[in-house]
4 protein chains.
Amino acid sequence: MKKYQKQVDDWFQKQGWQYWDPLEILARLTEEVGEFARLINDRFGAKDKKPEETKQKAEEEIGDIIFTIICFANTHDIDLDQAIQASIDKVIERDADRFD
Amino acid sequence: MKKYQKQVDDWFQKQGWQYWDPLEILARLTEEVGEFARLINDRFGAKDKKPEETKQKAEEEIGDIIFTIICFANTHDIDLDQAIQASIDKVIERDADRFD
Amino acid sequence: MKKYQKQVDDWFQKQGWQYWDPLEILARLTEEVGEFARLINDRFGAKDKKPEETKQKAEEEIGDIIFTIICFANTHDIDLDQAIQASIDKVIERDADRFD
Amino acid sequence: MKKYQKQVDDWFQKQGWQYWDPLEILARLTEEVGEFARLINDRFGAKDKKPEETKQKAEEEIGDIIFTIICFANTHDIDLDQAIQASIDKVIERDADRFD
């Protein structure tokens, strides 16, 4: 994720723009998750007749969600690689592999 | 993100587990965003007295949000790197650099 | 709220329609909250230049959120008046008035 | 809903408290919806073994969601009865009854 965090940061700096406040970023995240919800509800309630289109739209919505998260991370000095790895490790309890 | 998508996928396969349904993943995402909202609202309404703790907790919540998204991506053959890059490119209109 | 719960229920019965499943109602709620978030973020980040329009749109979004909640309540035999009163009472601790 | 809107308003005035800002109310709403999502996902993925407990908890979460909405409505002079009726009317298209 470092590459993406840097791209976004470089661009904000270049434009002389400020990131949004935490509450604004949260509002935007809620908005993006809402758009994702609309897609999921439209397509997965009944049988999805346009699976290719769904995949593409889902990709767009998910990209927007993560972009919003990158903005928050960049304003709070959060290393997203570290954040993701920690969450994966929490779920995949490491000792699950101890007998391998 | 390929590395993280693969870690999660390998683990689900190893455990013989199924990913959740789209609507269940969405419910989980809504739940994780709700936890993030609680943190943001607690800490950023008034002056944050524990910035280090906030940063660590935000890192945890954000990691959980992205983990949930990875589960969705893996069940729908979505390349998260591509998704993120497309969202960044959309915001950073490429021609912004044309005069450089 | 009884009046509204009954209106919605009468209409679903008359149409011979089923309510959505809980996870579908939640997805719809997430979607409606996302639309509300868009409005809030658009209007309250900077100074709101169209307060009357904002009020009207907020009224619409909020109505949709509560409509979605009514659908859930009706499928789970939940009395919304009781639910609201309990939440108010929890916040307004009743003994706050004991010295009056 | 007038009764509930007034109760909340009277209490805030009596305490000399301010309502939260729009973005704070939205964050709180996102948080409450997240708690509702947790409940829904816990109980309705698999067969619900504790339907009575689910009903009671759902009632609590829903009450909290509507309480949060009341706070927003009160700060923006929104009549919730009007908002709910308009959303119901939109769904139940009035002319649906024209042939009765």
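Quick caveat, the model's predicted, so the values are computed rather than measured. (Residues numbered from 1 in each chain as written. Chains lettered and ligands numbered in written order. Predicted model: local features only at pLDDT ≥ 70, side-chain atom pairs only at ≥ 80, totals over all residues. Heavy atoms only, no water.)

1. Thoughts on the pattern of salt bridges
Short version of the rule: We define a salt bridge as a side-chain nitrogen of Lys or Arg found within 4 Å of a carboxyl oxygen belonging to Asp or Glu. Labels follow the DSSP assignment, with helices taken as runs of H or I lasting at least four residues and strands as runs of E lasting at least two, numbered in each case from the N terminus. Partly exposed residues are those whose accessible area sits between 20% and 50% of the maximum for their type, while under 20% is buried and over 50% is exposed, using a 1.4 Å probe and protein chains only.
All told, the structure shown has 36 salt bridges over all chains when counted by the stated rule. One salt bridge connects Asp81(B) with Lys2(B), and the closest N-O pair in it is separated by 3.4 Å. Separated by 79 residues along the polypeptide, Asp81(B) in helix 4 (residues 80–91) and Lys2(B) in helix 1 (residues 2–15) bring together distant segments of the chain. Looking at Asp81(B), the relative accessible area reads 13%, which means it is buried. For Lys2(B), a relative accessible area of 53% gives the class exposed. What emerges from the salt-bridge pattern is a single network uniting Lys2(A), Asp79(A) and Asp81(A).

2. Some thoughts on the relation of the copies chain C and chain A
Definition in use: Least-squares fitting of one copy onto the other uses the C-alpha atoms of those residues that reach a pLDDT of at least 70 in both copies. Contacts: residue pairs with any heavy atoms within 4.5 Å of one another.
Screw-axis analysis of chain C against chain A gives a translation of 0.0 Å along the axis, an RMSD of 0.0 Å, and a rotation angle of 180 degrees. Here the copies are linked by what is in effect a two-fold axis. Taking C-alpha positions as the reference, the residue of chain C nearest the rotation axis is Gly34(C), at 2.0 Å. Counting the interface residues of chain C, we find that 100% of their copies in chain A are interface residues as well, pointing to one common contact surface.

3. With respect to unusual backbone geometry
Residues and elements named next belong to chain C. With phi around 55 degrees, Asp77 is a residue other than glycine that occupies positive phi space. Examined against the element boundaries, Asp77 turns out to sit in the loop between helix 3 (51–75) and helix 4 (80–91). With relative accessibility at 60%, the residue Asp77 sits in the exposed group.

4. Topic: the interface of chain C and chain A
We apply this condition: Accessible surface is computed with a 1.4 Å probe, and the buried area is the amount of it that two parts give up when combined, taken over both parts together. Pairs of N or O atoms within 3.5 Å make up the polar contacts considered here, provided that, within protein, one atom can donate a hydrogen while the other can accept it, and that residues adjacent in sequence are counted only when both atoms are side-chain atoms. Under this grouping Gly is polar, as are all residues other than the nonpolar Ala, Val, Leu, Ile, Met, Phe, Trp, Tyr, Cys and Pro and the charged Asp, Glu, Lys and Arg.
In this complex, chain C contributes twelve residues to the contact, which on the side of chain A involves twelve residues. The contact between chain C and chain A buries some 1,100 Å² in all, and 50% of this surface belongs to carbon and sulfur atoms. Of all residues in chain C, Glu31(C), Arg38(C) and Asn41(C) give up the largest surface area on contact with chain A, accounting jointly for 46% of the area buried on that side. In this structure, the connection of chain C to chain A is made through four salt bridges. Residues Glu31(A) and Arg38(C) are paired through a salt bridge, measuring 3.2 Å at the closest nitrogen-oxygen approach. Summed over the shared surface of chain C and chain A, the number is six residue pairs in polar contact (both at pLDDT 80 or more). Of the residues contributing to the side of chain C that touches chain A, the split by class is three nonpolar, four polar and five charged.

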